[in-house]
Amino acid sequence: MAFIDTVKAKAKSNKKTIILPESMDRRTFEAAAQILEEDFADLIIIGTPEEIAENSKGLDISKATIIDPHTYEKTQEYIDLFVELRKAKGMTPEKAKETIFNDYAYYGCLMIKSGHADGMVSGACHSTANTLRPCLQIVKTKPGTKLVSAFFLMVVPDCELGEEGTFVFSDCGLNQNPNPEELAAIAGSSAESFRLLVGKEPKVAMLSHSTMGSAKHADVDKVVEATKIAKETYPDLKLDGEMQLDAAIVPSVGASKAPGSEVAGQANVLIFPDLDAGNIGYKLVQRLGKAEAYGPMTQGIAAPVNDLSRGCSASDIVGVVAITAVQAQAQ
Ligand SMILES: CC(C)(COP(=O)(O)OP(=O)(O)OC[C@H]1O[C@@H](n2cnc3c(N)ncnc32)[C@H](O)[C@@H]1OP(=O)(O)O)[C@@H](O)C(=O)NCCC(=O)NCCS
Ligand SMILES: CC(=O)OP(=O)(O)O
């Protein structure tokens, strides 16, 4: 069974309610029609009757719950909650009202915080910063976690590397220049995401332009330090570094550049040293390697709120909703 079909089957076994706030984009409705047809998640679509009618023409979304913030009976409750949560940051009832009517991602996060939905997927027509800021401000990190980060689930066709071509790549979406402690935390969260979604043992490579001391630079030192912290923090995890990408995933190169490593040549979780590397790296594999790329998905957050690339297709949205529903089962 294809990876995404396994995820959909898991989502269907315990259906969760996922919000789609981008009613201004046709892809939202194409994805919604497919999800409702496949019946692996319940959907809430946020929008006005005009937005919904304009963008859903010809598509059957009759099983979705439609919520118009301007008329929904709980809108005042959400405004009050927003003010309560953010009053120390200067939030007022007027600002709260203006924000949630102009930006449905805030409305969706307040619904999740109130326990009225299990997760949200947005970002087909909003930047990552604008998609993730509301959830960082409202949903917040899960207990025991300091850092939210963003990973991609990559499925490379006809590939025997990683977990038969399936990998977690991190951080490809959120933390621009993580310090060693943050990089170690990203590694720990990514291993957890891999275990949850792929169901196999994670083998985590801390990527660099150096393998086991072959190059000297402050950027290499950062990854060496992060590897040390991660090994101390997660002693049971198969994790190693610093290593180059070829040493991480190609068995013969791993054996020659990092002999004795239990990760080199077998890595299925790739931790990039910064967001430039992570974001460029995932897009290379997606566009040149023709991989399926699901994400960027958040980890370390109290409820799953996941992003999309603005270049996504409706079928990418379907996949990310399925993964979001499985993440919600684990909360
Ligand atoms: C997401 C992003 C916008 C957050 O930064 P910001 O807007 O400057 O927001 P702030 O730093 O003011 O943080 C807002 C809140 O989120 C919290 N936060 C920010 N980053 C966080 C993280 N990684 N983990 C947990 N909380 C975080 C802050 O603590 C703050 O909380 P508070 O307002 O309650 O005090 C920023 O990290 C960003 O732009 N990242 C890159 C996104 C991107 O362009 N990706 C490339 C394409 S995928
Ligand atoms: C993940 C990502 O790069 O998002 P976008 O393409 O929307 O910037």
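The coordinates are above.
Let us look at the structure shown here. All values reported here derive from a predicted model rather than from experimental measurement.

**Examining unusual backbone geometry**
Inference 1: For the peptide bond that leads from G241 to E242, omega is -10°, which places it in the cis range.
Inference 2: With respect to the element layout, E242 can be found in strand β8 (residues 238-243).
Inference 3: Along the chain, G295 connects to P296 via a cis peptide bond; the corresponding omega equals -5°.
Inference 4: With a phi close to 60°, D39 is a non-glycine residue in the positive phi region.
Inference 5: Within the element layout of this structure, D39 appears in the loop between α2 (26-38) and β2 (42-46).
Inference 6: A relative accessible area of 33% places D39 in the partly exposed class.

**Brief notes about the packing of aromatic side chains**
Inference 1: Counted under the stated rule, the structure contains five aromatic pairs.
Inference 2: Among the aromatic residues, those joined into a ring-pair cluster are F167, F169 and F272.

**Things to note about the sheet that holds strand β9 (residues 269-271)**
Inference 1: Spatial strand order, β8-β7-β9-β6-β5-β10: six strands in an open sheet with mixed pairing. Where the open sheet ends on each side, the last strands, each with one partner, are β8 and β10 (292-299). The sheet shows a mean angle of 20° between the axes of neighbouring strands, direction not considered.
Inference 2: Relative to β10, strand β5 (residues 149-155) runs antiparallel, the two sharing six bridges. Each bridged residue has a counterpart across the sheet, and for L153 the counterpart in β10 is Y294.
Inference 3: Across the face of the sheet, helix α14 (residues 314-329) comes into contact with β5 and β10 while running at roughly 40° to β10.

**Quick look at a nonpolar patch on the surface**
Inference 1: A cluster of nonpolar side chains, I280, L284 and L288, forms an exposed patch at the surface whose accessible area comes to about 330 Å².
Inference 2: Within the element layout of this structure, I280 appears in helix α13 (residues 275-287).
Inference 3: The exposed category is assigned to I280, whose relative accessible area is 52%.

**Examining the pattern of salt bridges**
Inference 1: Applying the stated criterion across every chain, the model contains 13 salt bridges.
Inference 2: The closest approach of N and O atoms between E232 and K228, which form a salt bridge, is 3.7 Å. Taken together, the residues span about one helical turn, with E232 and K228 both in helix α10 (residues 218-233) at a distance of four residues.
Inference 3: By sharing partners, the salt bridges in this structure join K15, D39 and D42 into a single network.

Calculation rules
- Residue positions are given per chain, counted from 1 along the sequence in the order it is written.
- Numbering of ligands from 1 and lettering of chains from A proceed in the order in which they are written.
- It should be noted that, the model being predicted, local features are given only for residues of pLDDT at least 70 and side-chain atom pairs only at 80 or more, the latter also being counted only at that level, while totals for whole chains, interfaces and linings use all residues.
- The side-chain numbers reported here are obtained from all heavy atoms of the structure, hydrogens and water having been left aside.
- Strands here mean DSSP runs of E at least two residues long; helices mean DSSP runs of H or I at least four residues long; both are numbered from the N terminus.
- For every residue, the accessible area obtained with a 1.4 Å probe (protein chains only) is divided by the maximum for its type, and the residue is called buried under 20%, exposed over 50%, and partly exposed between those limits.
- Only Phe, Tyr and Trp rings take part, Trp by its six-membered ring, and two of them pair if their centres are within 6.5 Å. Stacked means planes under 30 degrees apart, edge-to-face means over 60, and tilted covers everything else.
- By this definition, two strands are paired if DSSP reports at least two bridges between them.
- Where helices are involved, their axes are fitted lines through C-alpha atoms of the stretch in contact, as for all axes, and angles between N-to-C directions lie from 0 to 180°.
- Contact definition: two residues touch when any of their heavy atoms are within 4.5 Å.
- For patch detection, residues must exceed 30% relative accessible area and be free of salt bridges, and they are connected within 9 Å for like charges or within 5 Å for nonpolar side chains (Val, Leu, Ile, Met, Phe, Trp, Tyr).
- All accessible areas in this document rest on Shrake-Rupley with a 1.4 Å probe, and a residue is counted as covered only by the protein chains that are shown.
- By definition, a salt bridge exists where a carboxyl oxygen of Asp or Glu is found within 4 Å of a side-chain nitrogen of Lys or Arg.

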